[in-house]
Amino acid sequence: MIHVTINGKAIEIAEGSTILQAAKSAGIQIPTLCFLEKREPLGACRVCLVEVEGARTLVAACSTPCVEGQVVHVNGPKARAARKQVVELLLSEHDGDCQTCERNEDCELRKLASDMGIRTVTYGGARAAPKRDDSTPGLVRDNSKCIKCRRCVTVCNQVQGIGALFPQGRGFATVIGPAFAGDLDGVTCVQCGQCAAVCPVGAITERSAIDDVWAALDDPAKTVVVQTAPAIRAALGEEFGYPPGTRVTGQMTTALRQMGFDAVFDTNFAADLTIMEEGTELLTRLKRALVDKDKTAALPMFTSCSPGWVQFAEYYYPNFLDHLSTCKSPQQMFGAVAKTYYAQKIGKKPEDMVVVSVMPCTAKKFEAQRPEMNASGVRDVDYVLTTRELARMIRQANLAFTELPDGEMDAPLGLSSGAADIFANTGGVMEAALRTAYEIVTGRELPAENLHVKPIEGLEGIKEAALKIERTQPAWSFLEGAELKVAVAHGLGNARKLLEMIRSGEAQYHFIEVMTCPGGCIGGGGQPRFTDDGVRLKRISAIYAEDESKKLRKSHDNPAVAELYRDFLGKPLGHKSHELLHTRYAQKERR
Amino acid sequence: MTKTCTCACAEAAPDEAELMKRLDDVLAEQKDKPGGLIPALQTAQAIFGYLPESVLRRVAQAFDKSYSEVAGVVSFYSFFSTVPRGKYLVRVCLGTACYVRGGNEVLRAMKDKLGIDVGGTTPDRQFSLEVGRCFGACGMAPVLMVNDDLHQRVKPAKIGELLEKYRAPAQEARP
Ligand code: SF4
Ligand code: SF4
Ligand code: SF4
Ligand code: FES
Ligand code: FES
């Protein structure tokens with residue numbers, strides 16, 4: 001422990017901590033821009049300059065370590081003026097049109113300028129020409145808004161291990177972007193949107209589907225239904241001033257209904273359906289491997305709900321593709337079921353229906369456009385909105401969100417169990433699958449307190465658990481005494497580590513969950529900004545609370561799913577399921 | 001049709017597959033060396049005369065780096081070129097003798113006339129511009145070379161004229 005004084009406050013802090021960390025621990029704010037928690041500070045933007053007594057120059061708080069006895073002034077005139085100058089310089093090179101900018105609600109640069117009281121831009125710096133890159137389905141880039149903080153580079157390279165974005169060129173002419181400042185579709189990118197999630201300004205955003213959705217809602221010939229992913233309800237409130245971790249399921253439902261959707265449904269329904277299919281698939285693979293000694297039964301099996309992960313495997317691990325569950329993601333299962341089963345129920349043709357998804361994710365925009373996702377004969381999911389876009393639409397509809405009464409989702413595709421809610425969290429798909437698979441095999445409930453598999457919860461990058469299977473039902477006696485080993489990874493960098501461990505034989509599992517984004521869908525690239533670990537943990541708790549608030553906690557108890565099997569699909573992995581709910585993957589050449 | 005050589009050398013270019021094989025040999029040797037990327041890119045440029053996309057993607061794969069990262073490195077250093085060399089490689093000497101006798105003004109005039117920087121190539125792929133360090137003709141400084149032709153006592157004002165001779169009716173080799 002060492003001792004420093006910041007703004008007159010004595011602080012005790014672990015050796016090796018930075019001035020920024022010390023200040024934060026004492027509740028003292030220092031503005032930052034290029035800094036990202038848990039990552040090596042770049043010290044590039046100089047927005048965090050502070051004064052240290054005895055030092056010749058101002059220092060960057062994010063990258064300067066504390067030393068014993070240090071006396072720091074955050075708000076002396078020198079530091080204030082210097083920080084202001086840094087931001088003024090950024091503004092002078094920035095193609096700013098805050099009135100119309102996509103980012104104007106939560107722009108960090110705009111906030112910094114306003115917090116510092118900048119009212120005129122004194123420098124007339126050279127600006128980059130606007131250049132819009134909308135070459136990919138999920139994202140739009142505009143380099144003229146980029147302030148070169150490199151957060152996107154850090155996330156794309158270090159957290160996701162993709163490296164689509166990198167500084168190009170040198171000096172003033174440096175451009176942050178894909179190879180040779182070209183378009184994003186010229187390089188390998190999985191559309192996860194983590195770059196958009198960390199970008200402080202309007203330089204990377206989701207590609208908006210708002211206009212398309214309004215047009216569909218305004219078209220009287222169309223039946224427009226909406227599904228919302230489980231992660232939305234734990235985050236949407238942040239856009240309307242609620243603290244992170246506030247559950248707004250009921251208000252969100254009312255808002256959607258008032259916006260004019262013909263039915264408000266739930267991706268959760270399809271998550272329960274996914275568990276029925278995927279759980280059965282896992283058990284079938286285990287049987288083929290253990291009883292039939294079938295070498296083609298690829299184990300471990302991987303989840304396939306996260307389209308960024310699926311693309312990652314297609315690009316980097318083609319040899320593992322037959323290990324991926326053939327189940328489509330809940331979003332796509334929902335679309336396929338809505339445009340067949342539900343369309344028949346209400347006497348509509350698939351082409352007269354419009355399915356809108358609200359997703360925490362930009363990769364879902366890409367997934368909906370995959371050519372094979374048209375099991376109903378037309379595109380199964382027409383438009384995908386991010387959580388942020390839904391918030392914008394709610395504002396555009398002039399709804400006072402916080403005043404709205406709670407609503408209930410519609411039957412039948414709006415009914416779900418708590419197991420579906422936890423799809424939003426890292427470890428959640430695994431837990432939901434175990435709740436069902438264990439019960440199928442043993443006839444007894446998963447022996448875990450409150451049905452939570454603790455070792456696979458939380459923000460540890462790679463998690464694992466083992467489950468002893470005893471006293472099986474007769475049909476599953478081949479699993480008697482077996483130990484089911486599972487692992488969970490979130491963030492593609494962690495997924496890569498886990499895959500390498502499996503490839504080298506260092507680790508062995510039966511079932512593995514991978515989610516593209518840190519924390520799972522609650523930390524998705526389309527969620528309200530800014531998402532740090534504190535926010536992730538609050539959303540995760542909200543999701544578990546939502547799960548525990550449900551009467552039904554297990555997917556196989558969902559009566560609407562049971563009815564779907566009885567009246568339409570037949571049985572899990574049956575012929576119709578295969579047609580509608582399963583898919584295949586193909587190796588992609590890296591770009 | 002015979003293949004036209006895009007580099008500054010006089011011999012006919014070996015075919016693409018042959019060059020790629022040479023590249024792969026280099027990559028196999030370099031890829032595990034720390035800091036091997038830049039030397040590998042330099043060798044690749046020596047083999048191909050420039051760094052086409054197909055070569056960069058190969059290098060990226062070998063080093064297990066993203067294409068954007070390799071592109072970032074290539075675009076950071078001015079000695080890498082991603083466009084084929086022009087038909088004529090112009091090298092302006094900036095060795096001591098030439099420098100003292102106005103090599104720099106010659107270079108500035110050359111940049112002006114060609115509209116490119118050092119390391120660049122004109123859009124019509126006629127000229128590439130480099131600088132040299134003493135061509136052993138100090139007595140005649142300032143000098144420059146266009147492919148194998150040595151031009152001595154070059155006057156900045158006469159650069160346009162000098163280039164015209166090469167530019168004139170294309171096709172045939174010059175002069
Ligand atoms: S990025 Fe921020 S500062 Fe720039 S125009 Fe948009 S809202 Fe304004
Ligand atoms: S979407 Fe993901 S993979 Fe693509 S550039 Fe952004 S962070 Fe990188
Ligand atoms: S695109 Fe955004 S995150 Fe990336 S460097 Fe520019 S401003 Fe920073
Ligand atoms: S936040 Fe410290 S230098 Fe950017
Ligand atoms: S310095 Fe130019 S030829 Fe020697």
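Note that the coordinates shown come from a computational prediction; the quantities given were computed from them, not determined experimentally.

Peer 1: Explanation requested: the overall build of chain B in the structure shown.
Peer 2: Broken down by element type, chain B carries seven helices and four strands. At a minimum sequence separation of 6, the contacts of chain B that also span at least 24 residues come to 58%.

Peer 1: Which parts of the structure should I look at to understand the interface of chain A and chain B?
Peer 2: It is common to report an interface's size as the accessible area lost on association of the parts. The interface is formed by 15 residues belonging to chain A together with nine residues belonging to chain B. Within the side of chain A that touches chain B, the residues separate by chemical class into nine nonpolar, four polar and two charged.

Peer 1: Would you mind showing me how to read the pairing of strand β3 (residues 49–52) of chain A here?
Peer 2: Each regular strand displays side chains that alternate between the two surfaces of the sheet. Residues and elements named next belong to chain A. As judged from the two bridges shared by β3 and strand β4 (residues 59–60), these two strands associate in the antiparallel manner. Bridge pairing links Leu49 to Ala60 in β4. Taken together, β3 and the strand that follows it, β4, pair antiparallel across an intervening segment of six residues, in which Gly54 is found at a positive phi of about 90°.

Peer 1: How do you make sense of the nonpolar core when you look at a structure like this?
Peer 2: If you look at soluble globular proteins, the nonpolar side chains tend to sit buried side by side. Of all hydrophobic cores here, the largest spans 191 residues; its most connected members are Cys48, Val50, Ala61, Cys152 and Val337 of chain A. Once residues lying within four places of it in the same chain are set aside, the contact partners of Cys48 of chain A are Leu20, Ile30, Pro31, Thr32, Phe35, Ala60, Ala61 and Cys62 of chain A. Counting residues in hydrophobic clusters, the runner-up holds 17 residues, among them Met110, Phe127, Leu129 and Leu144 of chain B.

Peer 1: Can you help me understand the domain arrangement of chain A in this one?
Peer 2: Residue and element names in this part refer to chain A. Annotation of chain A at the domain level lists domain 1 (2–90), domain 2 (93–206) and domain 3 (272–328 + 416–530 + 545–581). Here the C-alpha centroids of domain 1 and domain 2 sit 25 Å apart. Contact residues are listed per partner, giving 15 residues for domain 1 and 21 residues for domain 2. By residue class, the composition of the side of domain 1 that touches domain 2 is 11 nonpolar, no polar and four charged.

Peer 1: Before we go on, may I ask you to explain helix α16 (residues 533–548) of chain A in this structure?
Peer 2: Residues and elements named next belong to chain A. End to end, α16 covers 23 Å across 16 residues, agreeing with the expected 22 Å (1.5 Å per residue, within 8%). For α16, the complete set of buried residues consists of Val535, Arg536, Arg539, Ile540, Ala542, Ile543, Tyr544, Glu546 and Asp547. Looking at the packing, one finds that the buried side of α16 touches α7 (249–259) and α13 (418–421).

Peer 1: Sorry if this is basic, but what is going on with the site of ligand 2 here?
Peer 2: Close to ligand 2 lie 14 residues, the nearest being Cys156, Ala164, Cys189, Cys192 and Cys195 of chain A. Taken together, the residues that form the shell around ligand 2 break down as 10 nonpolar, four polar and no charged.

Peer 1: Looking at this model, I keep getting lost on the sheet that holds strand β7 (residues 139–142) of chain A. Mind explaining?
Peer 2: Strands belonging to one sheet form pairs held by backbone hydrogen bonds; the direction of such a pair is parallel or antiparallel. Residues and elements named next belong to chain A. Ordered by their spatial adjacency, three strands build an open sheet running β6-β7-β10, and the pairing between neighbours is antiparallel. Edge strands, defined here as strands with exactly one partner in the open sheet, are β6 (132–133) and β10 (204–206). Of the strand pairs in this sheet, β6 and β7 are connected by two bridges, and their pairing is antiparallel. Looking at the pairing, Asp133 lines up with Arg141 of β7.

Peer 1: What is the right way to look at the site of ligand 3 in this model?
Peer 2: If you check the shell around ligand 3, you find 14 residues, and the closest are Cys146, Cys149, Cys152, Cys199 and Ala203 of chain A. Grouping the amino acids of the shell around ligand 3 by side-chain chemistry returns 11 nonpolar, no polar and three charged.

Peer 1: It is not clear to me how unusual backbone geometry should be interpreted in this structure. Could you clarify?
Peer 2: Note on backbone geometry: most residues besides glycine have negative phi, and most peptide bonds are trans. With an omega of -5°, the peptide bond running from Ala411 of chain A to Pro412 of chain A counts as cis. With respect to the element layout, Pro412 of chain A can be found in the loop between α12 (387–396) and α13. Residue Pro142 of chain B is bonded to the preceding Ala141 of chain B through a cis peptide linkage, with omega at -5°. If you trace the backbone, Pro142 of chain B turns up in the loop between β2 (127–132) and β3 (144–146). Of note in this structure, Arg153 of chain B is not a glycine but carries a positive phi near 45°.

Peer 1: Looking at this model, I keep getting lost on the sheet that holds strand β15 (residues 383–386) of chain A. Mind explaining?
Peer 2: Residues and elements named next belong to chain A. Taken in spatial order, the four strands make up an open sheet running β12-β11-β14-β15, and their pairing is parallel. Looking at which strands have only one partner, the edges of the open sheet turn out to be β12 (263–266) and β15. Here the strands of the sheet are splayed against their neighbours by 25° on average, with no regard to which way each runs. Here strand β14 (residues 353–359) runs beside β15; their pairing, made up of four bridges, is parallel.

Peer 1: Could you clarify how one ought to interpret the domain arrangement of chain B in this entry?
Peer 2: The domain architecture assigned to chain B consists of domain 1 (16–76) and domain 2 (88–167). The C-alpha centroid of domain 2 of chain B is placed 29 Å from the C-alpha centroid of domain 1 of chain B.

Peer 1: Hey, could you run me through the pairing of β12 of chain A in this one?
Peer 2: All names here are of chain A. Neither face of β12 is open: one carries Ala263 and Phe265, the other Val264 and Asp266, and all of them are buried. Where strand β11 (residues 223–228) lies against β12, four bridges are found, and the strand directions are parallel. Considered in β12, the bridge of Thr228 is made with Asp266. As a crossover connection, the stretch from β11 through α7 into β12 is right-handed.

Peer 1: Sorry if this is basic, but what is going on with the environment of Leu484 of chain A here?
Peer 2: All names here are of chain A. Note that Leu484 resides in strand β17 (residues 483–490). By the C-beta count within 10 Å, which is 19 here, Leu484 ends up partly exposed. For the pair Leu484 and Thr188, spaced 296 residues apart in the sequence, the C-alpha separation amounts to 35 Å. Those residues in contact with Leu484 that lie beyond four places of it in its chain are Ala466, Leu467, Ile469 and His510.

Peer 1: Teacher, can you tell me more about the environment of Glu277 of chain A here?
Peer 2: Residues and elements named next belong to chain A. Tracing the backbone through its elements, the reader meets Glu277 in helix α8 (residues 267–290). Residues Glu277 and Gly574 lie 297 residues apart in sequence; the distance between their C-alpha atoms is 9.3 Å. The contacts of Glu277, once residues within four sequence positions are left out, are Cys327, Pro572, Leu573, Ser577 and Leu581.

Peer 1: When you look at the packing of α8 of chain A against helix α10 (residues 330–345) of chain A in this model, what are you seeing that I'm missing?
Peer 2: Two quantities define a packed helix pair, namely the angle between the axes and the distance from one axis to the other. Residues and elements named next belong to chain A. Between α8 and α10, the shortest axis-to-axis distance is 8 Å and the interhelical angle comes to 100°. Considered as vectors, α8 and α10 are oriented roughly perpendicular to each other. Along the contact surface, α8 presents Thr267, Phe269, Ala270, Ala271, Leu273 and Thr274, while α10 presents Pro330, Gln331, Met333, Phe334 and Val337. Looking at the contact of α8 with α10 residue by residue, the class counts come to eight nonpolar, three polar and no charged.

Rules used in this analysis
Residues numbered from 1 in each chain as written. Chains lettered and ligands numbered in written order. Predicted model: local features only at pLDDT ≥ 70, side-chain atom pairs only at ≥ 80, totals over all residues. Helix = DSSP H or I, 4+ residues; strand = E, 2+ residues; numbered from the N terminus. Contact = placed C-beta atoms within 7 Å. Nonpolar A, V, L, I, M, F, W, Y, C, P; charged D, E, K, R; others polar. Pairing = 2+ DSSP bridges. Core = buried A, V, L, I, M, F, W, Y, C linked by C-beta atoms within 7 Å. Buried ≥ 20, exposed ≤ 12 C-beta atoms within 10 Å, placed from the backbone. Domains from an automatic or database assignment. Expected span 1.5 Å × (residues − 1). Near = placed C-beta within 6 Å. Axes fitted to C-alpha atoms, helices over the stretch in contact; angles between N-to-C directions. Right-handed = clockwise from strand over helix to strand, strands pointing away. Parallel < 35°, antiparallel > 145°, perpendicular 65-115°, else oblique.

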